[in-house]
Amino acid sequence: MTSRQFLLLGIGALSAGPSGLGADELRFQDRSSGSGIGFRHHANPTPEKHLVETMGGGVALLDFDKDGFLDIFFVNGGALVQGEDGLGVDRSAPELRDRLYRSREGRSFEDVTERTGVSAETKEIYGMGAATGDYDNDGYVDLFVTGYGGTILYRNVGGRSFEDRTEVAGANVAGWSASAGFFDADLDGDLDLFVTRYLDWRLDTSRRCGEQIPVYCSPREYPAIGSVLLRNDGDGTFTDVSREWRVAQSPGKALGVAFNDADADGLPDVVVANDSTAQQLFLNRGPKGFSEEALPAGLAYNEDGGSFAGMGVDFEDFDNDGRPDVVATALAKELYPLFRNEGNGTFVYATRQTGLAEITARLSGWSVKFVDLDHDGWKDLFAAQSHVLDNVDLMEPGLVYLQPPLVALNRSGRFADVAASAGPVFQTGLAGRGTAFGDLDNDGDIDLVVGVLNDRPKVLYSNASSAANHWLQVMLVGRASVRDGQGASVSIRTASGGEQVRYGTTAGGYLSASDPRLHFGLGSEAVVSRITVRWPSGVSQVLEAIEADRLITVREPES
Amino acid sequence: MTARLVAFVALSAALAAQVSGPVAEHVRRGVAAREEGRLEEARRQLEGAVRGAPELAEAHLYLGLVLHETGDFSAAADSLVTALALKPGLPGARELLGYDLLMLGRAEEAVPHLDAARREDTGRWQLIAWLGRAHLESGRPGQALRHLLEAQGSAPADPELLYLVGKAYSQLALQSHAQLLANAPESAYAHLATAEDHDLNGRSDEAIAAYRRALSGREALPDAWRALGDIEQGRGRHRAAVEAYRRALAIRSDNGALHLHCGEALLALGLAAEALPHLESAVAGDDPPPPAALEALGKALLDLGRFLDARAALARALDSAVEEQRRMKIHYQLARIGRKLGDSEATREHLQEFTALRAKLTAGDK
C-alpha cells in the first residue's frame, strides 16, 4: 500500500554554503578539548594482559532528552582487582564510570552522568559497548550496555534520567558481551535485542600468552560461544529466544553486529563479525527463526576461504544498487573484507575490486561504517584503527599498534584514501575502538565520536556541509512499526535518476550506536524527487519533491 | 662429524716396552683401566708413571689421550705439549693436540699441529675437516672452505660439515661485501648488497631504500627489481610492486615467475583485465604450469566473469596442487564459480571438500 501522508518538520533549513569544497578538501576538526567532555577511557591494563583489556571502548550518540541534539554516552572499562573470590571487576572510582554528556546545542557538552543514573559504578561489569533504541515505544531512546560480567538495560524516564531495568526486564546477558543492537526481529512492533558474545572466557580462566614477550592471547586459545537474542515481550520484559530462533546453535567469536534486509524479503537479517573464525549471516525465516547461511552465501570467509579477525561490521548499500553490502574490519595483512550483495542470496568478496586491498593491507580496524561523508551520493568508509596487540612491533617489525583512523571516499564504487588531507587526527596514531556517527551540530553532515582505548575520545566535526553538495536527513517515527523507525528502509531518487537506500538502524560498527536519523548526500541535486519509506509493518509511503539541505520527519501512516 | 682419533693401539705396547719396575706397573694398570673405561683410575696411574719417568714422551702422550677422553682438554694439551717437546715427531700427538686446542677455542694455535698431522696422515677426512674448522675459526674462510669441501667429498651428508661449509660461504660473502662497501660504497652493487642484507633481516623500509639507490645507479638489475616488487607486494603497496615487476619484465620478458608476481599484484589492485596476459604467460611459461599460476589465472577469469574458463583453470590447479592449504583455497574458489553458474551440486561438493580441509587445517583451534 502506498500512502502520500507525510509530515515535514525542517529543523532549521540548512542551506549549502556559498562556496563548494572539493571532495579532497573534506576535513574533520577535533573539538574534544574545550568541549566539556572530560571522559577518559580506562582499560587499566595489567602485566598479565587479560584479553578484555584491549577490546573496549564503545560510544553511543543518542538524543536522550529530545532537544534535537545528539548527546554522547561513553562506555568505560574498569579495574581488575584481586578479591576474596579471585580476580574481579571494580567500577567504583569516579574515573572508571560510564559517562553521559548532554549536548548544549552541539557546541559543547555537560556531564549529566550522576543525575541520569548511568554510571554503572555499582556494577561488576568490565564495560564494552552500547546499543540504543526505544524498546518501550514511549518516544524516548533507551540504552543497553554490554561488557564482561553482565549487561545493563537502562530505560529512559521522560528524557530526564534512566532507570536500571536489567533484572526486571530479564535483560542480563552473562559472559563477555561485545556489540549489541536493537531491531524488530519478529516484526511485532517492538524492538528485540541481539547481543554478541566474544568468547567463552572468564577472568579465572584467562591465560598468559607469549613465550618470551607477554601478549594478548589469540581468540584461538578460547572456545566460541553463542550470541544471544532477547525477544521483547511487549510488556517491558525480554525473553531469551536464542535457541528457539536458532542463534545459539551457531556459536562464534562475535564482536560486531549489523542489521539489514539481505534478501529483500522484508525481514531483518543479521550479520555478525567473528574474530578469526567464520563470519555469520543469520537470515530471518519469520516464524522459523534464523538460519545461519554465511558459507553458502559466500560471506563466511575471504575469497580464498580464509578466516580473518572480524571486528566491526556494517551492512549498507555502498554501490547504490539497492542491495545491502557488508564491510568488516580485520587485522593487518588480512585486508578489510567487503562483500558485494549479488541480489540472489549471495555475496561476492570485492575487496580488491573496490580498492580496499591496496588501502587496508597494513591496517587493523575496529569500528567501521558506510556513510556519505562528502555528500556526493556515495557512501564512504570510515574506520577507527589500531592493532590489537600493544606490542605488535616487537612481534612483527613493520607493523604498528597505534594507527590513525581511515577515511576513504567512495568514487562510484571504488575507494580512495583521503586521510592525508582530512585533518591532523588522521595523521596521529590512536588506539581507536568504538565510533559513533551522527550530526552533532545539526549542520547536515556526519560528525564522528571515536572512542580511544585507555585515552580521551576524539570528537570530530565535519566541514562537508559547507560545501556545495546537498544533503538530506530523514527522521522516522513509527506507528504500527517500532516507534524510532529502526528496521524501516528509506530509498530516495533524485531528478537525475540517482537512487540511494538506507536502512533504519543505530547499530553497526563496533561496540557503538549511531544517529538514528538517516543521512543522504545528494551531490548537486537540490531536490529529492521521490522518497520511499518501507516500514517494517509492511506499509510503503512515498514523498515527492523534497527540498534538500534539511531534516525531515516522516511519520508512519495509520494503515 | 664425530671425533675419531688416531689409533693408539700401538702406543700402549710401545710404552710398556720402554719401562720396568713401579713405572711399568703404573703403565700396566693405567692401560688396563683405560681399556675398561675407568678413566679416572687410568689418569691416576699414568700420572704416577709420568712422575716416575718424566723423560718418557709416550707416557705424556698416553696421559694426554686419557685426559682428552675425560674431557679435560686443557690438561690434555699441557701433557701433549710436553710429549712433543720431548719427541717432536711422536706419532698421533699433533693431531690430538690440534683437536684439543680447537676445543679450547685456540684455533690459530691448532692450525700448525693439524697441518703437520695432515702431512703425516692424508687419508682421514675428519682430520681435514678439523683443519678446515681451525682455519674458519681463525678468520680464513677461503682456506677453510678448501679443506671442508675436500672433507665433504668423503662425507657429503655429515651434518657438522654441512654446517661448517655453509658458515664458511657466509663468512666469505661477508668479507666480500665488506670489501665492496669499503672500495665502492656508492656503487650500485654496494647498495644492492646492503638492500639484500636488510631484506634478509626483515628491515623492509631500509631494503626498499637501498634497492632504489642501487637501481638508480644501474637499471639492468632484474633480480633487484623483482626483490623490490616482492617487498612492496608484501607491504600491500601493489602499485609500486607492479611498477617494479614491469621493470624486471622489461629485461626478462619470458620469466614465468615474474609474470605470476606481476599478475598477482595487478589482481590485488582489482585489475583483472591487465593481470590476465601476465597470468597466461605464467601458465604458459612452465610445463606443467605451477598450481599458483593456474589458481591466479582462475581468479582473474572469475573477476572477468569468464566462469567456465575460470573453472577449467582452477580444475587444472586442483589436479596438480599437493598442499592441503592450496587445495582448500581452490575448492572455495570452485564453489564460488559453482554459485555463479547456478551449479548447486558442484557448489555443495566443493564446499564440503573445503569445509573438511579447513576443519583439518584448523584442528588446533578451540
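1. Here's the deal with the overall build of chain B
For chain B, the helix and strand inventory stands at 20 helices and zero strands. Taking 366 residues into account, the globule formula puts the C-alpha radius of gyration at 21 Å, and chain B, at 33 Å, lies well above it. When its C-alpha atoms are laid out on the principal axes, chain B stretches across 100 × 55 × 35 Å. Considering chain B as a whole, with its 366 residues, one finds that 45% of them fall into the buried category. Here the analysis covers contacts within chain B between residues at least 6 apart in sequence; of these, 43% occur between residues at least 24 apart.

2. Description of the overall build of chain A
The helix and strand inventory of chain A stands at five helices and 39 strands. Projected onto the principal axes, the alpha-carbon positions of chain A cover approximately 65 × 50 × 50 Å. Looking at chain A as a whole, 61% of its 559 residues are labelled buried. The contacts in chain A between residues at least 6 apart in sequence include a share of 61% that link residues at least 24 apart.

3. Notes on the nonpolar core
Ranked by internal contacts, the top residues of the largest apolar core, which has 209 residues, are L143 of chain A together with Y211 and L279 of chain B. Other than its neighbours up to four places away in sequence, L143 of chain A contacts A60, L62, F73, V118, A130, T132, Y154 and F162 of chain A. Grouped together as the second largest cluster of nonpolar side chains are 50 residues, Y62, A77, A93 and V165 of chain B included.

4. A short note on the domain arrangement of chain B
Assigned domains within chain B: domain 1 (1–121), domain 2 (123–181) and domain 3 (182–313). Look at where the C-alpha atoms of domain 1 of chain B and domain 3 of chain B centre, and you get two points 62 Å apart.

5. Notes on the sheet that holds strand β39 (residues 550–555) of chain A
All names here are of chain A. Ordered by their spatial adjacency, three strands build an open sheet running β36-β33-β39, and the pairing between neighbours is mixed. Among the strands making up the open sheet, the edge pair consists of β36 (518–523) and β39. Taking the axes of each pair of neighbouring strands and ignoring which way they run, one obtains an average angle of 25 degrees across the sheet.

6. A few points about helix α20 (residues 344–361) of chain B
An ideal rise of 1.5 Å per residue puts 26 Å on 18 residues; α20 of chain B measures up with 25 Å between its terminal C-alpha atoms. Of all the positions in α20 of chain B, only T347, H350, L351, F354, L357 and R358 of chain B are classed as buried. One face of α20 of chain B carries all of its buried residues, which in axial projection span an arc of 135 degrees. Residues E345, Q352, A359 and K360 of chain B are exposed on α20 of chain B and point more than 90 degrees away from its buried face. Each element contacted by the buried residues of α20 of chain B is listed here: α3 (294–297) of chain A together with α19 (324–341) of chain B.

7. What to know about the interface of chain A and chain B
How big an interface is tends to be expressed through the accessible area that disappears when the partners come together. Across the contact, 21 residues belong to chain A and 21 residues belong to chain B. Contributing elements (two or more residues each) for the side of chain A that touches chain B: α3 and α4 (356–360) of chain A. In the side of chain A that touches chain B, the residues fall into eight nonpolar, seven polar and six charged.

8. Comments concerning the confidence of the model for chain B
Residue and element names in this part refer to chain B. Mean pLDDT over chain B works out to 92, with 97% of the residues at or above the 70 mark. Per-residue pLDDT stays below 50 along residues 1–7; that stretch engages in 12 contacts with residues further than four places along the chain or on separate chains. The ipTM assigned to the predicted complex is 0.88, against a pTM of 0.84.

9. Comments concerning the pairing of strand β3 (residues 59–62) of chain A
All names here are of chain A. Both faces of β3 are covered, namely the face carrying V59 and L61 and the face carrying A60 and L62. Pairing analysis gives four bridges linking β3 to strand β4 (residues 71–74), with the strands arranged antiparallel. Each residue of the ladder has a partner; that of L62, found in β4, is D71.

10. Comments concerning the sheet that holds strand β10 (residues 142–148) of chain A
Residues and elements named next belong to chain A. One open sheet holds the four strands; their spatial order is β9-β10-β11-β12, and the pairing between them is antiparallel. In this open sheet, the two strands that pair with only one neighbour each are β9 (126–133) and β12 (161–164). Strand after strand, the sheet turns through a mean of 25 degrees between neighbouring axes, direction not considered. Pairing geometry for β9 and β10, over six bridges, is antiparallel. Paired with G127 across the strands is G147, a residue of β10.

11. Brief notes about the environment of R231 of chain A
All names here are of chain A. Considering the arrangement of structural elements, one finds R231 in strand β15 (residues 228–232). Taking the C-alpha atoms as reference, R231 lies 36 Å from W471; in sequence the two are 240 residues apart. Residue contacts for R231: discarding those within four places in its chain leaves D186, D192, F238, T239 and V241.

12. Examining the packing of helix α4 (residues 57–70) of chain B against helix α5 (residues 73–86) of chain B
All names here are of chain B. For the pair α4 and α5, the least separation of the axes is 8 Å and the interaxial angle reads 160 degrees. Considered as vectors, α4 and α5 are oriented roughly antiparallel to each other. Considering the relative orientation of α4 and α5, their crossing is left-handed. Contacts between α4 and α5 involve A57, H60, L61, L63, G64, L67 and H68 from the former and F73, A75, A76, S79, L80, T82, A83 and L86 from the latter.

13. Overview of the confidence of the model for chain A
Averaged over every residue, the pLDDT of chain A is 94; the share at 70 or more is 96%. Below a pLDDT of 50 lies the segment residues 1–20 of chain A, which in the model reaches 42 contacts outside its immediate sequence neighbourhood of four places, other chains included.

14. Some thoughts on the pairing of strand β28 (residues 406–411) of chain A
Residues and elements named next belong to chain A. The buried fraction of β28 amounts to five of the six residues, a majority that puts the element mostly inside the structure. Here three bridges tie strand β27 (residues 380–385) to β28, and the two strands are oriented antiparallel to one another. Each residue of the ladder has a partner; that of A383, found in β28, is L406. Summarising the sheet, β28 and strand β29 (residues 414–417) pair through four bridges and their orientation is antiparallel. When the sheet's bridge partners are listed, N410 is paired in β29 with F415.

15. Quick word on the packing of helix α7 (residues 107–120) of chain B against helix α8 (residues 125–137) of chain B
Residue and element names in this part refer to chain B. Two elements in contact, α7 and α8, have axes whose closest approach is 9 Å; the angle formed by their N-to-C orientations is 155 degrees. Of the possible angle classes, the one that applies to α7 and α8 is roughly antiparallel. Here α7 runs over α8; the crossing is left-handed. Here A107, A110, V111, L114, D115, A117 and R118 of α7 come into contact with α8, specifically with L127, I128, W130, L131, A134, H135 and E137. Residue composition of the contact of α7 with α8, by class: 10 nonpolar, one polar and three charged.

16. Points about the environment of R202 of chain A
Note on placement: R202 of chain A falls in the loop between β14 (192–197) and β15. Along the sequence, R202 of chain A and G57 of chain A sit 145 residues apart, while their C-alpha atoms lie 19 Å from each other.

17. Some thoughts on unusual backbone geometry
The peptide bond linking D287 of chain B to P288 of chain B adopts the cis configuration, its omega dihedral lying at 0 degrees. Of note, the phi angle at N137 of chain A is positive, near 50 degrees, even though the residue is not glycine. Examined against the element boundaries, N137 of chain A turns out to sit in the loop between β9 and β10. Positive phi, normally seen in glycine, also occurs at R246 of chain A, with a value near 60 degrees. Residue placement: R246 of chain A occurs in the loop between β16 (238–240) and β17 (254–260). The class of R246 of chain A is partly exposed, set by 17 C-beta atoms lying within 10 Å.

The rules we used
Residues numbered from 1 in each chain as written. Chains lettered and ligands numbered in written order. Predicted model: local features only at pLDDT ≥ 70, side-chain atom pairs only at ≥ 80, totals over all residues. Helix = DSSP H or I, 4+ residues; strand = E, 2+ residues; numbered from the N terminus. Rg over C-alpha atoms; globule rule 2.2 N^0.38 Å. Buried ≥ 20, exposed ≤ 12 C-beta atoms within 10 Å, placed from the backbone. Contact = placed C-beta atoms within 7 Å. Core = buried A, V, L, I, M, F, W, Y, C linked by C-beta atoms within 7 Å. Domains from an automatic or database assignment. Pairing = 2+ DSSP bridges. Axes fitted to C-alpha atoms, helices over the stretch in contact; angles between N-to-C directions. Expected span 1.5 Å × (residues − 1). Arc of directions from axis to C-beta. Nonpolar A, V, L, I, M, F, W, Y, C, P; charged D, E, K, R; others polar. pLDDT = per-residue confidence, 0-100. Parallel < 35°, antiparallel > 145°, perpendicular 65-115°, else oblique. Left-handed = near helix turned anticlockwise from the far one by under 90°.

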